[in-house]
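Here are the chains, one letter per residue:
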Amino acid sequence: MEVLAAALAVGLGALGAGIGNGLIVSKTVEGISRQPELQGKLQTTMFIGVGIVEVVPIIGVVIGFLAFFS
Amino acid sequence: MDEMMKKATRAALLFSACCLLVWAAVPEWRTVAAGLVLGLAASVSNTFLLRRRVDWIGKVTAMQGPRKMSLGLAGRLATVLLAVMIAKKYPEQFSMPATLSACFIMPFVTLAYAYFLNKRNS
């Protein structure tokens, strides 16, 4: 059961974060390509978005490791 | 991004200094303070790694570089895992919940600073 819990936590967290990060990066790259003068602002927004999105899979992996090893 | 990062790092350093004061002055809260400092160190290092990667993606996009890029999630994941495993190995020195919660302080601090900077500028 612990293995299943770890797998669900890691897998679902990684799936959501992968989709979210992909959308953020693709839109930012698209924006930089269209308006290179806004690169700084777009990078700042991307930095904040990626930082917030990545919290979920990291928590999932840590909780999965803890459930698996303890 | 530079101004925001500077302010967020300054806030994290201030918070770690407060935690060190608590560690020195209140023996009952020693494990919590040490865990918070450990988690904050991991969080700050993660933020600098992410900033470097975002800068690199911007440069690569502007210069029409290689199409394959990664955000380096594995490195940041490994940093947090290292901090949590240290807290798990030495439970008498570091509190695990404090370490785990402090690992995610910097993204929210950065978000708060960005909100206030945006409000001030507009």
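The residue numbers shown here count from 1 along each chain, following its written sequence. For naming, the first written chain is A and the first written ligand is 1, with later ones following in the order written. Local features in this predicted model are restricted to residues of pLDDT 70 or higher, and side-chain atom pairs are both shown and tallied only at a pLDDT of 80 or more, whereas totals for entire chains, interfaces and linings draw on every residue. For side-chain calculations, the full set of non-hydrogen atoms in the structure is used, while hydrogens and water are omitted.

1. Re the pattern of salt bridges
- One side-chain nitrogen of Lys or Arg within 4 Å of one carboxyl oxygen of Asp or Glu is enough to make a salt bridge. Counted by the stated rule, this structure contains two salt bridges over all chains.
- Note that R34 of chain A is salt-bridged to E30 of chain A, the shortest N-O span being 3.6 Å. Pair noted here: R34 of chain A and E30 of chain A are both in helix α1 (residues 2–34), with a separation of four residues, about one helical turn.
- Whether a residue is buried, partly exposed or exposed follows from its accessible area with a 1.4 Å probe, protein chains only, as a fraction of its type maximum: under 20%, in between, or over 50%, in that order. Overall, the relative accessible area of 66% leaves R34 of chain A in the exposed class.
- Between E54 of chain A and R76 of chain B there is a salt bridge, with the nearest N and O atoms lying 2.5 Å from each other. Of this pair, E54 of chain A sits in the loop between α2 (39–53) and α3 (55–69) while R76 of chain B sits in helix α3 (residues 73–89), on two different chains. Runs of E in the DSSP output that reach at least two residues are strands. Runs of H or I that reach at least four are helices, and both are numbered from the N terminus.

2. A short note on the nonpolar core
- To form a nonpolar core, buried Ala, Val, Leu, Ile, Met, Phe, Trp, Tyr and Cys residues must be joined to one another through side-chain atoms within 4.5 Å. Ranked by size, the top nonpolar core spans 15 residues in total, and within it I58 and V62 of chain A together with V80, V84, C103 and F104 of chain B carry the most contacts.
- Going through the elements one at a time, α3 of chain A together with α2 (30–62) and α3 of chain B are the ones with two or more residues in this core.

3. Regarding helix α1 (residues 2–25) of chain B
- The span one expects for a helix is its residue count, reduced by one, times 1.5 Å. The terminal C-alpha atoms of α1 of chain B lie 34 Å apart, and with 24 residues this matches the ideal 34 Å at 1.5 Å per residue to within 8%.
- Within α1 of chain B, the full set of buried residues consists of M4, M5, A8, T9, A12, S16 and C19 of chain B.

4. Some remarks on the interface of chain B and chain A
- Contacts between the two partners involve 30 residues from chain B, matched on the other side by 24 residues from chain A.
- Joining two parts hides part of their accessible area as seen by a 1.4 Å probe, and the buried area is that hidden amount summed over both. In total, about 2,400 Å² of surface goes out of reach between chain B and chain A, with carbon and sulfur atoms giving 87% of it.
- Applying the counting rule to chain B against chain A returns one salt bridge.
- Nitrogen and oxygen atoms within 3.5 Å of one another constitute a polar contact, given that in protein one can donate a hydrogen and the other can accept it, and given that sequence-neighbouring residues count only through two side-chain atoms. Taken together, chain B and chain A are joined by one residue pair in polar contact (both at pLDDT 80 or more). We call two residues in contact when some of their heavy atoms are within 4.5 Å.

5. Side note on the UniProt feature "transmembrane region" (unreviewed entry) in chain B
All names here are of chain B.
- UniProt positions are given in the numbering used here, feature names are shortened, and annotations may be inferred rather than shown by experiment. Following the UniProt record, one finds the feature "transmembrane region" (unreviewed entry) at residues 34–50, 71–88 and 94–116.
- Helix and strand shares over residues 71–88 are 89% and 0% respectively, and the end C-alpha atoms of the span are 28 Å apart.
- A distance of 33 Å separates the end C-alpha atoms of residues 94–116, which is 83% helix and 0% strand.

6. Overview of the environment of Y113 of chain B
Residue and element names in this part refer to chain B.
- Relative to the assigned elements, Y113 resides in helix α5 (residues 105–121).
- Classification of Y113 by relative accessible area gives partly exposed; the value is 27%.
- Those residues in contact with Y113, other than ones at most four positions away along the chain, are M4, K7, A8 and A11.

7. Here we look at the side chain of S16 of chain B
Residues and elements named next belong to chain B.
- Here S16 shows up in helix α1.
- Among the polar contacts made by the side chain of S16, one reaches the main-chain carbonyl oxygen of A12 at a distance of 2.6 Å.
- In this view, S16 contacts V37 and L40; residues no more than four positions away in its chain are not counted.

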